[in-house]
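# Observations on the three-dimensional arrangement
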2 protein chains.
Amino acid sequence: MLKAALSQINPVVGDLAGNGVRIKAAIARAKSLGADVAVFCELSLCGYPPEDLLLKGHFVANNLKHLHTLAKSARGIAAVVGFVDRDSQGLIYNAAAVLSNGKVAGVYHKHELPNYGVFDEKRYFSPGKNSGIFTIKGTKVGINICEDIWVDGAAYKTQVRNGAKLLINISSSPYEEGKLKVRQALLLKRAKEIRRPIIYVNCVGGQDELVFDGASLAYDANGKVLARAKQFSEDCILVDLGQKPGALAPVLDRSAEVYQALVLGTRDYLHKNGFTKVALGLSGGIDSALVAVIAVDALGKENVTAVSMPSQFNVKATRDDARIMAENLGITFHEISIENALSALMKALGPYFKGTTPNIAEENIQARIRGNILMAFSNKFGWLVLTTGNKSEMATGYCTLYGDMSGGFAPLKDILKTRVYDLCRWYNTQAGKDIIPQSIIERPPSAELRPGQTDEGSLGAYADLDRVLAQYIEGHKAPSVIADKALPLAYVQKTVRLVDINEYKRRQAPPGVKISPRAFGKDWRLPITNKYRE
Amino acid sequence: MLKAALSQINPVVGDLAGNGVRIKAAIARAKSLGADVAVFCELSLCGYPPEDLLLKGHFVANNLKHLHTLAKSARGIAAVVGFVDRDSQGLIYNAAAVLSNGKVAGVYHKHELPNYGVFDEKRYFSPGKNSGIFTIKGTKVGINICEDIWVDGAAYKTQVRNGAKLLINISSSPYEEGKLKVRQALLLKRAKEIRRPIIYVNCVGGQDELVFDGASLAYDANGKVLARAKQFSEDCILVDLGQKPGALAPVLDRSAEVYQALVLGTRDYLHKNGFTKVALGLSGGIDSALVAVIAVDALGKENVTAVSMPSQFNVKATRDDARIMAENLGITFHEISIENALSALMKALGPYFKGTTPNIAEENIQARIRGNILMAFSNKFGWLVLTTGNKSEMATGYCTLYGDMSGGFAPLKDILKTRVYDLCRWYNTQAGKDIIPQSIIERPPSAELRPGQTDEGSLGAYADLDRVLAQYIEGHKAPSVIADKALPLAYVQKTVRLVDINEYKRRQAPPGVKISPRAFGKDWRLPITNKYRE
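Residues numbered from 1 in each chain as written. Chains lettered and ligands numbered in written order. Predicted model: local features only at pLDDT ≥ 70, side-chain atom pairs only at ≥ 80, totals over all residues. Heavy atoms only, no water.

Rotating chain B by 180 degrees about the axis while translating it 0.0 Å along that axis superimposes it on chain A, leaving an RMSD of 0.0 Å. Between the two chains, the operation in question is that of a two-fold axis. Minimal C-alpha distance to the rotation axis in chain B is attained by glutamine 508 of chain B, lying at 2.0 Å. Both copies contact each other with a shared surface, as 100% of the interface residues of chain B are interface residues in chain A too. (Least-squares fit on C-alpha atoms with pLDDT ≥ 70 in both. Contact = heavy atoms within 4.5 Å.)

Have a look at this one:
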């Protein structure tokens, strides 16, 4: 039986030349390991998802050019590479090429095109019709792509019926919490169903809001796991399907998995966009503490600058905690008072605000001065600003547009507040010390934009709030269905209404890492103008 | 032959009860005019496009409930209404109901589901299979939906083959420049092809970035236009297909058409989201002048507040022009200096910026103070802020995130700078006087963020710039194809690169009115992380 390399790489969308180099190097590595075939992920040559780049004819043409150049590297070994194919009518396909003997020996077009959640493949691709059976070193292999193995009775089945002794599925399967378990269950089921070994290669890396978690897999014909590549990093594992299993990377526990997704998503967003350094507002609260920790793990402490921007409403304890937090991480720390800028603005607005009652306007002015200061560092020194808001805030609009929402990337965008606490506790535990001071974890959360303000005074207990949000956002459930003894209907309706009316804020938010079944990104397409109430 | 009413209404997305009331009233009006059937637009009951509301089971269920309530109004007249249907397996359909005798007499499911441009219908709907032939007052009528008449040989053709004497197409066809001409050419072609009269009913109104322009149509079997409803407003036209044509609304010229799209898009975004008033930064430049004019036409002069926020870099002439412009329109005008806030911020940042060369950081601080001031008015008084940037700026990133990009709606988001000039000149001409002072039109455009700055010094002549942008954005053309004698390749590449690297800014921009074949909205889905270069 074949010896296959699970060549798990981190491609960059649109980087045809760079991805070509990555693939070429990985083919050489697979060959040096003694592999008969190196298997790469879905659309490995152009990166996934290329989105509307696919509408540019020159992009598709250039990707084909790069494929043919790449084919020359496949000598003495075969390679399965993902690319965009185009037929004589100009229709395009999500495709896999078998490269061998220095040429493109065969091509398969994906049959099943996902068009739900974060996927828009029917916007671009035509469904394939060819069988996808290829002979590699004497073995009949069925090659299919991602969704083709998820849909019952799809291409994989026909391939087995037509004599395939081994299945190769190339995927770019975005991470969400617990997804590896789901994939493993699927592949186990399929191996048992078709009684053939399966090679499953995923990509790894961050692409805007998506993170690909790797964890490529090989199963034998009985459904036994033969190999598992690392989660959240590049890897190359040789598996001899006839004889011996390959390496089996350990599976991260749930918190570690989510945390690694945040770290990788943040790092790749920065690095792939040409940034090495970040600034963030470190308030002494729990959200910015967690973002600081993620930033350090993603970029190195020398690349993180924390700025504390107190006003009269920030109590000494939070200011001190911000400083301690920065010291614990060894990152640069600046404290810049916003009081003078605030006075100047209030004075300028004085004649127009005269006689009005202080409201959210005065609060937001403070947040926007802070945004201005952070962005000034960004513009002056070329750092990217990380925002520190979490999913509970993004959901309810408990955040200031152009204020604390100012920044290029939002690591916690898909992390509910209760999960922020969990991750901070987990972080301290695995670090073996309180990098995040207990006082930050224990103090009642507050935006500190007016005296006596607390989040839970405004929004209700986070435990309740997050239970509503998870059901409304991830489950699309109706308020009347969400309401229960602990969550009165009026509270649910009030919360859900906040989610609805704050769509406009989310539309202007930076991207962040998707970790849930439904994040505020490509899988959340609610209209802003929307009068629907259950 | 039948007497049909083109019942062209302005539904609100998600407003099932409100749309029900609108449809009911329009049915009564059609009946009073003597119509046999009142025809409404695609998804008239729930508004178009409902986007991910369609993923909520309770939304679909409630829309069905409202349909059955609405059916009771159809007595002594039939009505064709758009709604979301659901089958026993839970699949949903973009559907048309024939209401008559107080009941839902029949249902058609759209066959052709557009999944390109701004359309994502395959994300939600299953394609229909039923024939769509119904008998209304003794006449066999083929009913189909939008795309069904655009695709050669689609449902409309089968309906005629199966005996339909008349076709009714219900659409929600978004406006873009010149779209009416395209629709008229299509319907003329179809009428001649099938030799049957066609009733085509479109919706009207703004929905986030989309504007529906109405202009519902009726054609006789020879391709003669029998009726045309108004562009950009609700209408109801009776057309007697056997005997006499209905009203023929005049067709607006190109500038008027685009301008009306901007006015309606802005008005509906405001009103449908519960706003009546706006604030905007009036700089004395041409973009903000045009936005002020649009705001007044959309909302009334009493609902528009203009704020001029000069710094030392704003010359007296622009400041004066801002004031004159406000006077010409009769809108409230405030002048608020940003100098003190700027000093306070520069002083706070002083220790960190020491020894650096002034760059974009200092410029953007000014723009962000202005954003803060405008948003303070918004938060204090409940006004929406209109941003004043145009498409050329959005394309090249010649705008400040959280600065002049702060606001809820961007009327000029899809208007290239050269078109801004055209519209201003057109506006003055049709007004018969220089509402927009000539000095605003003639002064070289400048952001006035540093001494001697001009847009064209930074970006090249707008005539050249816009020629590149139109081809790169709307045409997805490669730089090497765009370059010509007047547009050197290096200039094209530099410009295109600006478009690419500023995707992150656009992702955080407010929505604006789509008027071009490709706007920066749902029809522009480029990755932020994107290393593709031609």
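A few words on the state of the cysteines. Residue and element names in this part refer to chain B. If you walk through the whole model with that rule in mind, you get zero disulfides over all chains. Free of any disulfide, cysteine 146 has its nearest cysteine sulfur in cysteine 203, 9.2 Å distant. Judged by relative accessible area, which is 7%, cysteine 146 ranks as buried. Considering cysteine sulfurs only, cysteine 399 is the nearest to cysteine 424, which forms no disulfide, with 19 Å between them. Its relative accessible area of 0% is what places cysteine 424 among the buried residues. (Disulfide = S-S within 2.5 Å. Buried < 20%, exposed > 50% of the residue type's maximum accessible area, 1.4 Å probe, protein only.)

This paragraph deals with empty space enclosed by the protein. Per the counting criterion, the structure on display carries 13 cavities of 30 Å³ or more. Of the pockets and cavities examined, the largest cavity occupies roughly 920 Å³. Lining the largest cavity are 36 residues, with Arg507 and Gly521 of chain A together with Arg507, Gly521 and Lys522 of chain B sitting closest to its centre. Of all the secondary structure elements, the ones that give two or more residues to the lining of the largest cavity are α18 (503-507) of chain A together with α19 (503-507) of chain B. (1 Å grid on protein atoms, 1.4 Å probe; cavity = no way out; pocket = protein on both sides within 12 Å on 5 of 7 lines; lining within 4 Å. Points joined across faces, edges and corners; volume = space filled by probe spheres on them. Helix = DSSP H or I, 4+ residues; strand = E, 2+ residues; numbered from the N terminus.)

This brings us to helix α7 (residues 286-299) of chain A. Residue and element names in this part refer to chain A. The terminal C-alpha atoms of α7, which comprises 14 residues, lie 20 Å apart, in line with the 20 Å expected from a rise of 1.5 Å per residue. Within α7, 13 of the 14 residues are buried, which leaves the element mostly enclosed by the surrounding structure. Among the residues trailing α7, glycine 300 stands out with phi positive, at a value near 95 degrees. (Expected span 1.5 Å × (residues − 1).)

Here we come to the sheet that holds strand β18 (residues 384-386) of chain B. Residue and element names in this part refer to chain B. Taken in spatial order, the four strands make up an open sheet running β17-β16-β15-β18, and their pairing is parallel. What marks the edges here is a single partner per strand, and that holds for β17 (332-335) and β18. For this sheet, the mean angle separating the axes of adjacent strands, direction not counted, is 25 degrees. Pairing geometry for strand β15 (residues 278-281) and strand β16 (residues 304-308), over four bridges, is parallel. From the neighbouring strand, valine 278 faces β16, where its bridge partner is valine 304. Helix α8 (residues 286-299) contacts β15, β16 and β18 of the sheet and is inclined by roughly 170 degrees relative to β15. (Pairing = 2+ DSSP bridges. Axes fitted to C-alpha atoms, helices over the stretch in contact; angles between N-to-C directions.)

Quick look at the sheet that holds strand β18 (residues 384-386) of chain A now. Hydrogen bonds between backbone groups are what pair the strands of a sheet, and the pairing can be parallel or antiparallel. Residue and element names in this part refer to chain A. Taken together, the four strands give an open sheet; going across it, the order is β17-β16-β15-β18, and neighbouring strands pair in parallel fashion. The two strands at the open ends of the sheet, each matched to only one other strand, are β17 (332-335) and β18. Within the sheet, the average angular offset between the axes of one strand and its neighbour, ignoring direction, is 25 degrees. Of the pairings in the sheet, the one linking strand β16 (residues 304-308) to β17 comprises four bridges and is parallel in character. Residue valine 307 lies in a different strand from β17, and its bridge partner there is histidine 334.

What follows is about the environment of phenylalanine 232 of chain B. Residue and element names in this part refer to chain B. By the secondary structure assignment, phenylalanine 232 is in the loop between β13 (225-228) and β14 (235-240). Linking phenylalanine 232 and leucine 264, residues 32 residues apart in sequence, is a C-alpha distance of 6.8 Å. Dropping the residues within four chain positions of it, phenylalanine 232 is found in contact with Tyr175, Val204, Val211, Asp213, Leu252, Glu257, Gln260, Ala261 and Leu264.

Residues and elements named next belong to chain A. Cis geometry is adopted by the peptide bond preceding proline 49, which originates at tyrosine 48 and carries an omega value of -10 degrees. In this structure, proline 49 sits in the loop between β2 (37-39) and α2 (57-71). Look at leucine 43: it is not a glycine, yet its phi comes out positive at around 50 degrees. Turning to its location among the elements, leucine 43 is positioned in the loop between β2 and α2.

With that settled, consider the interface of chain B and chain A. In this assembly, 86 residues from chain B lie in contact with 86 residues from chain A. Between chain B and chain A, the buried area comes to about 7,200 Å², and carbon and sulfur atoms account for 57% of it. Inspection of the chain B/chain A interface yields four salt bridges. Across the salt bridge formed by aspartate 120 of chain A and arginine 525 of chain B, the nearest N and O atoms sit 3.7 Å from each other. Here chain B and chain A share 49 residue pairs in polar contact (both at pLDDT 80 or more) between them. Listed by contribution, the elements that provide at least two residues to the side of chain B that touches chain A are α2 (57-71), α3 (121-124), α7 (254-272), β17, α10 (339-353), α11 (360-381) and α19 of chain B. By residue number, the principal contributor to the side of chain B that touches chain A is α11 of chain B, which donates 15 residues. (Buried area = accessible area lost by both parts, 1.4 Å probe. Salt bridge = Lys/Arg side-chain N within 4 Å of Asp/Glu carboxyl O. Polar contact = N/O pair within 3.5 Å; in protein donor to acceptor, adjacent residues only side chain to side chain.)

Let us now look at the packing of helix α10 (residues 360-381) of chain A against α11 of chain B. Closest axis-to-axis distance for the α10 of chain A/α11 of chain B pair is 9 Å, and the angle between their directions is 165 degrees. Regarding the angle of α10 of chain A to α11 of chain B, the classification is roughly antiparallel. Taken as a pair, α10 of chain A and α11 of chain B cross one another with a handedness that is right-handed. Between α10 of chain A and α11 of chain B, the contacting residues are Ile360, Ala361, Glu362, Asn364, Ile365, Arg368, Ile369, Asn372, Met375, Ala376, Asn379 and Lys380 of chain A on the first element and Ile360, Ala361, Glu362, Asn364, Ile365, Arg368, Ile369, Asn372, Met375, Ala376, Asn379 and Lys380 of chain B on the second. A per-class count over the contact of α10 of chain A with α11 of chain B returns 12 nonpolar, six polar and six charged. (Parallel < 35°, antiparallel > 145°, perpendicular 65-115°, else oblique. Left-handed = near helix turned anticlockwise from the far one by under 90°. Nonpolar A, V, L, I, M, F, W, Y, C, P; charged D, E, K, R; others polar.)

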